[in-house]
Amino acid sequence: MYKKIIVPIAMDQLEHGESVLGIAEKLIDEGGEIILLNVVEDLNAYAQGYMIVDFPLEMVEESRKHALKTLEAMKAKHGINGRIEIRTGGAAGTINALAKDENADLVIIASHRPGLIDYFIGSTASRVVSHCPCAVLVDR
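What comes next is a walk through the structure. (Residues numbered from 1 in each chain as written. Predicted model: local features only at pLDDT ≥ 70, side-chain atom pairs only at ≥ 80, totals over all residues. Heavy atoms only, no water.)

**Regarding the overall build of the protein chain**
Rules: Note on conventions: DSSP H or I runs of at least 4 residues are helices, E runs of at least 2 residues are strands, and numbering of each starts at the N terminus. Buried residues are those whose accessible area, probed at 1.4 Å on protein chains only, stays under 20% of the maximum for their type, while exposed residues exceed 50% and partly exposed ones sit between those limits. Two residues qualify as a contact provided that any one of their heavy atoms is within 4.5 Å of a heavy atom in the partner residue.
Tallying secondary structure elements over the protein chain gives 6 helices and 5 strands in all. In sequence order, the protein chain lays out its α and β elements as β-α-β-α-α-β-α-β-α-α-β. Taking all 140 residues of the protein chain together, the buried fraction comes to 39%. The contacts in the protein chain between residues at least 6 apart in sequence include a share of 76% that link residues at least 24 apart.

**Overview of helix H3 (residues 57-78)**
Short version of the rule: The span you would expect from a helix comes to 1.5 Å times its residue count less one. The arc in question is traced by the directions running from the helix axis to the C-beta atoms.
For H3, which comprises 22 residues, the first-to-last C-alpha distance of 32 Å matches the rise-based estimate of 32 Å (1.5 Å per residue) to within 8%. Turning to H3, its buried residues are Ala67, Thr70, Leu71 and Met74. Projected onto a plane normal to the axis of H3, the buried residues spread over an arc of 100 degrees and lie on a single side. Opposite its buried face, H3 presents the exposed residues Leu57, Glu58, Lys69 and Ala76, each directed more than 90 degrees away. Where H3 is buried, its residues touch helix H1 (14-27), strand E2 (28-40) and strand E3 (82-88). Following H3 by one or two positions, Gly79 adopts a phi angle in the positive range, close to 60 degrees.

Take a look at the structure:
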C-alpha cells in the first residue's frame, strides 16, 4: 500500500513505538522503506522568554546516542527494511519536514490521551495531522 512510511518514536513511549512499527510493517509495500525517527527536543528553544536555562550539549548528545542505540535494536528485532533518523528540534515540525523532504506516503504516529497541557499548546500528533504533507495514521 505504501512505499515510504515514517514512524516517529519517542524514547519515553517505546511501547507505543513498538505498536506503530507493527502497523507500519503490515502497511508497507514489498521493497518499501520504513524510516524510524526520533526527535531530540531542543529544550533551549523552549526556555526563551520564560526562563534562562542552558542545557549542556553533552545531554543532547547522550540523548541522540541513546535514541540511535534503541532504534537500531528495534530495527534489528523487527528485521525491517529501512533506516534510522535522529533529528534535533521541535517534534511536530521536524516530523512534517522529514515527511516533505522524503516525499513520504504515510506517517504513523502514536498518541496519548490529552492532558491539561495539550489543551494549551496542542499535542504533537495534532500538529502533525494538521500540517503534514502526506497521510497520517494516529494510533491511540
